[in-house]
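# Structure assessment
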Amino acid sequence: MSRPIVLRGARVVDPSQNMDGPGDVLVRDGLIEAVEPVIAGPDEAEVIDVSGMTVCPGLIDLHVHLREPGGEHKESIHTGSHAALAGGFTTVWAMPNTDPPIDDPAAVGYVRLAARAARGTRVMPIGAASIDQKGERMTEVGELVKAGAVAVSDDGHPVWDTGLMRRLLEYTRTFHIPVLQHAEDRALAGGVMNEGVVATAMGLRGLPNAAEACMVARDVQLAELTGGHLHVCHVSARQSVEQLRMAKDKGLRVTSEVTPHHLILTDEMCRGYNTEAKVNPPLRTQEDVEAVTQALLDGVIDVIATDHAPHTYEEKEQEFDYAPFGINGLETALGLSMLALVETGLLSFSELIDRMSCAPARIMGLEGGTLRSGSPADIVVLDPDERWTVDPAEFRSRSRNTPIAGWELAGRVHRTMVSGELRFQRAATSD
Amino acid sequence: MNQPRPEFDLGKDLVGLEGLSCETITAILDTAEPFKEISERAIKKVPVLRGKTIVNLFYEPSTRTRISFEFAEKRLGADTVNISSSGSSVVKGETLVDTARNLEAMRIDMVVIRHSSSGAASFLADRIPSNVINGGDGQHEHPTQALLDMLTLRDRLGRIDGLKVCIVGDILHSRVARSNIFGLQAMGAEVAVCGPRSLIPYGIEEMGVQTFYHIEEAIEWSDALNILRLQLERMKTGFIPSLREYNRVYGVTRARLERAPRDIAILHPGPMNRGVEIDSAVADGPQSVILPQVTNGVAVRMAVLYLLAGGAPGGAEAAKQESA
């Protein structure tokens, strides 16, 4: 049994208990034992002075691509789970679009084993929704869940077949897991950036807002029909928000996420054929940024998730048409979200922590996202006021693809604890 | 030695007309004038670019543009090499940058690139020190085509400023349309596009372009029509129902032109689909400047090569004489 730990002298922000004030946190046996204004003992405890810092429940990211197996040149479960720690995440959900895809129980088991060996963040595997993610035959959902899968998804691709999507939403109910949908109508896809005046001037094929909104509209209907839990990934278009608002008004089991980049960046970033800004769904217009932001404030969109999508330098250093979609997000998520939402006064810091920690736990029924006593000691220690400059060379991720290199962000993670074990500590500077 | 005019600013490359000033475009067109004559000589060669090595890097099939560039290069005395995507390292998976760097290692001066991907020319230009000329990149720009279109318009109508030019056809997929829009607007012309709504790109009005969906209205409005080739695959991919219907609705016919309130200049970048976007009576008729366009293409490309090689605007005539 390891020594208890006291985190001493911080500001404690835990939106799950409406807590925001000075306090100490006592951690014992991997659990949070107490959060109180002052904790004196116990004598054997290791005391960590975190005065000047803010202590929050660890962040939870429902959407990451760790690329293993098959894409280890971009990222591995080891590198990805340590990048997550550096970004303040104590839990990530790993998408199954690997090579081969995570579409059978053995593959789910592999991800869990590799994650345990990595001793990084908690990695929860998402199973494929269809065999080989082809969108034809349903995977053995029950077996995947038994092996440890927390959801199913064909992310990277949509479940395009309306019949299959219906069956998935029905079938998954028994196992109490959501279907995570990459909403994109195939017949409207095929573009490489947002359809709009920027794409027109650049001569690039566009992905219209309707490609996403059509699929969201269809899926909302299926959620109503089936009562299943639909979770819409990376919402980017204002018309999708309208569909989601209607679903919430009706009280359907529909949840959704938005990425930090869709909360602040627009298709203007693609100018100069900047492949770092090539992502799917694409960066859209200021109108869309405002609509998804408002939806996050209103609770129409429930959470922030990164869609962390690592790609190598060589893959991005190509003609725009040929470069893969994706932005490396884990290590910049908090800072970019702070910039988009807190610095602008749209959300309080505590509300941001809610969207990045408590809300993901709440909508998915996870244990974390709180500092309540008895909860797993998944904790992040950060300085919300510290400004820092994005230098991709410093990423823990194996890839460096980001459109915000050189940006000054606000809010920096200093320590990340998973199950009471301090697994990340930023070197020097503020210690 | 003539000093370059202060307004003239072409930079290292010609990747597009977007952002080029009226002065710069005018300087290119003016420089093309003295070069026109070279192609009319019995011995069509001056050593203006003697000793320069130019690579024509064509990742996409092209006949007219490639030959036009090659004539321009050779008539200015440059050494040229043609590389096409078949039968080169391109098919072995070498990246664009590596191909270009390897060429540079053999000491070249300029690259003319034609590529199916929008942005490929600027991608290359940003990464190699040689001058890069865009010979057409995806659906983005084809600047020398728009320059030769403008030179031909100026020859025919005496000016560009204040002209009403309508580009007709598949605007969505057209690099010729984009370069013409940027170039003509910089030169003070009014630009419109006309075509089926399924082939007009989103947001084109925000580029200051008027839109027509009926060819009759476009003809009524225009001083010149630039008629684009309608590619057969647009029918297969469902943008239009049939070529027959396209001709019925958007074809530029003699009957339609006869109703025009003025004498309209007819341009076409080629190759033509006679009987689809343009009728033979129009293509071969008195208003057509389609063959002069081709002739001007060589002169405009000579001008661009000369200027990028460091030649002074206004100094082309002297350079010609000096080297002769």
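Heads up: the structure comes first, above all this text.
Overview of the structure.

## Concerning the pairing of strand S1 (residues 53-58) of chain B
Residues and elements named next belong to chain B. Where burial is concerned, most of S1 is hidden: five out of the six residues are buried. Where S1 meets strand S2 (residues 79-84), six bridges bridge the pair, whose relative direction is parallel. The residue of S2 that forms the bridge with Ile-54 is Thr-80. This β-α-β element, S1 to helix H2 (residues 64-75) to S2, shows right-handed connectivity. Sheet topology places S1 next to strand S3 (residues 110-115); five bridges connect them, and they run parallel. Its bridge partner being in S3, Leu-57 is matched across the sheet by Ile-113.

## Notes on the interface of chain B and chain A
Facing 22 residues of chain B, the contacting portion of chain A comprises 17 residues. For the pairing of chain B and chain A, the buried interface totals around 1,500 Å² over both sides, and the portion due to carbon and sulfur atoms is 52%. Three residues stand out in chain B for area buried against chain A, namely B:Ser118, B:Phe123 and B:Tyr202, and they jointly supply 32% of the buried area on that side. Here chain B and chain A share one salt bridge between them. Its salt-bridge partner being B:Arg127, residue A:Glu317 comes within 2.5 Å of it at the nearest N-O pair. Linking chain B to chain A there are seven residue pairs in polar contact (both at pLDDT 80 or more). Broken down by secondary-structure element, the contributors of at least two residues to the side of chain B that touches chain A are helix H4 (120-125) and helix H6 (175-186) of chain B.

## Focus: the pattern of salt bridges
Enumeration according to the criterion identifies 40 salt bridges over all chains in this entry. A:Asp298 is paired through a salt bridge with A:Arg245; the nearest N and O atoms lie 3.1 Å apart. Of this pair, A:Asp298 sits in helix H8 (residues 286-298) while A:Arg245 sits in helix H7 (residues 238-249); the two residues are 53 residues apart in sequence, bridging distant segments of the chain. Using a relative accessible area of 40% as the deciding quantity, one classes A:Asp298 as partly exposed. Between B:Glu33 and B:Arg154 there is a salt bridge, with the nearest N and O atoms lying 3.5 Å from each other. Here B:Glu33 is found in helix H1 (residues 22-36), whereas its partner B:Arg154 is found in helix H5 (residues 143-157), with 121 residues between them in sequence. With a relative accessible area of 30%, B:Glu33 lands in the partly exposed category. Several salt bridges converge on common partners, so that one network encompasses B:Asp30, B:Glu33, B:Lys36, B:Arg154 and B:Asp155.

## Section: the sheet that holds strand S14 (residues 230-232) of chain A
Residues and elements named next belong to chain A. Spatially, the six strands line up as an open sheet ordered S9-S10-S11-S14-S15-S16, and their pairing is parallel. The open sheet is flanked by strand S9 (127-128) and strand S16 (303-304), the only strands paired with a single partner. In terms of strand pairing, strand S10 (residues 152-153) meets strand S11 (residues 179-181) through two bridges, oriented parallel. From the neighbouring strand, Val-152 faces S11, where its bridge partner is Val-179. Contacts from helix H6 (residues 209-226) reach S11, S14 and strand S15 (254-258), with the element oriented near 165 degrees to S14.

## Describing the layout of surface pockets
Considered as a void within the structure, the largest pocket measures approximately 1,200 Å³ in volume. Around the largest pocket sit 48 residues that line it, and B:Gln139, B:His173, B:Ser174, B:Gln231 and B:Arg234 are the ones nearest its centre. Contributing elements (two or more residues each) for the lining of the largest pocket: helix H5 (197-202) of chain A together with H2, H6 and helix H8 (233-236) of chain B. Tallied by class, the residues present in the lining of the largest pocket amount to 16 nonpolar, 20 polar and 12 charged.

## Regarding the pairing of strand S6 (residues 59-64) of chain A
Residues and elements named next belong to chain A. Summarising burial for S6: six of the six residues are buried, a large majority. Summarising the sheet, S6 and strand S7 (residues 89-94) pair through four bridges and their orientation is parallel. Within S7, the residue paired with Ile-60 across the bridge is Thr-91. In terms of handedness, the path from S6 via helix H1 (residues 77-86) over to S7 forms a crossover that is right-handed.

## What to know about the packing of H5(B) against H6(B)
Helices that pack against each other are described as a pair by the angle of their axes relative to one another and the distance between those axes. All names here are of chain B. Where H5 contacts H6, the axes come no closer than 8 Å and their chain directions differ by 55 degrees. Judged on the interaxial angle alone, H6 and H5 are oblique. Regarding H5 and H6, the two cross each other, and that crossing is right-handed. Contacts from Pro-143, Gln-145, Ala-146, Asp-149, Met-150 and Leu-153 in H5 reach Val-176, Ser-179, Asn-180, Gly-183 and Leu-184 in H6. In the contact of H5 with H6, the residues fall into six nonpolar, four polar and one charged.

## Concerning helix H2 (residues 105-118) of chain A
All names here are of chain A. The end-to-end C-alpha separation of H2 is 20 Å, in line with the 20 Å expected for 14 residues at 1.5 Å each. Taken as a whole, H2 has its buried residues at Ala-107, Val-108, Val-111, Ala-114, Ala-115 and Ala-118. Viewed end-on, H2 has its buried residues packed into an arc of 130 degrees, placing them on one side of the element. Every exposed residue of H2 that faces more than 90 degrees away from the buried side is listed here: Ala-106, Leu-113, Arg-116 and Ala-117. Its buried side turned inward, H2 meets H1, strand S8 (122-125) and helix H3 (141-147). Once H2 finishes, Arg-119 follows within two positions and takes phi at roughly 50 degrees, a positive value.

Calculation criteria
Counting of residues starts from 1 at the beginning of each chain's written sequence and follows it residue by residue. The lettering of chains begins at A and the numbering of ligands begins at 1, in the order of writing. Confidence filtering applies because this is a predicted model: local features only for residues at pLDDT of at least 70, side-chain atom pairs given and counted only at 80 or more, and all residues used for totals across whole chains, interfaces and linings. Calculation of side-chain values draws on the structure's entire complement of heavy atoms; hydrogens and water are dropped beforehand. To sort residues, take the accessible area from a 1.4 Å probe on protein chains only and compare it with the maximum for the residue type: under 20% means buried, over 50% means exposed, and anything in between is partly exposed. Strands here mean DSSP runs of E at least two residues long; helices mean DSSP runs of H or I at least four residues long; both are numbered from the N terminus. DSSP-based pairing: two strands are paired if at least 2 bridges between them are found. Handedness of a crossover is defined as follows: orient the strands so they point away from the viewer, and if the path from the first strand over the helix to the second runs clockwise, the crossover is right-handed. We call two residues in contact whenever any of their non-hydrogen atoms come within 4.5 Å of each other. Here the quantity called buried area is the total loss of accessible area, with a 1.4 Å probe, experienced by two parts when brought into contact, counted for both. Criterion for a salt bridge: a side-chain nitrogen of Lys or Arg within 4 Å of a carboxyl oxygen of Asp or Glu. Polar contacts, as counted here, are pairs of nitrogen or oxygen atoms within 3.5 Å of one another; within protein the pair requires one atom able to donate a hydrogen and one able to accept it, and residues that are adjacent in sequence qualify only if both atoms are side-chain atoms. To obtain each axis, a line is fitted to C-alpha atoms, and for helices this fit is confined to the stretch in contact; angles are then taken between N-to-C directions over 0 to 180 degrees. Here a cavity denotes grid points, spaced 1 Å and computed from the protein atoms alone, that fit a 1.4 Å probe unable to get out, and a pocket denotes an open set having protein on both sides within 12 Å along at least 5 of 7 lines; residues with an atom within 4 Å of a point are the lining. Grid points are joined across faces, edges and corners, and a volume is the space filled by probe spheres set on the points. Ten residue types, Ala, Val, Leu, Ile, Met, Phe, Trp, Tyr, Cys and Pro, are classed as nonpolar, four, Asp, Glu, Lys and Arg, as charged, and the remainder, Gly among them, as polar. To sort the angles, those under 35 degrees are grouped as roughly parallel, those over 145 as roughly antiparallel, those from 65 to 115 as roughly perpendicular, and the leftovers as oblique. For any helix crossing, the convention is left-handed if the near helix is rotated counterclockwise from the far helix by under a right angle, and right-handed if that rotation is clockwise. The length a helix should cover is 1.5 Å for every residue beyond the first. Taken from the helix axis, the directions to the C-beta atoms give the arc we talk about.

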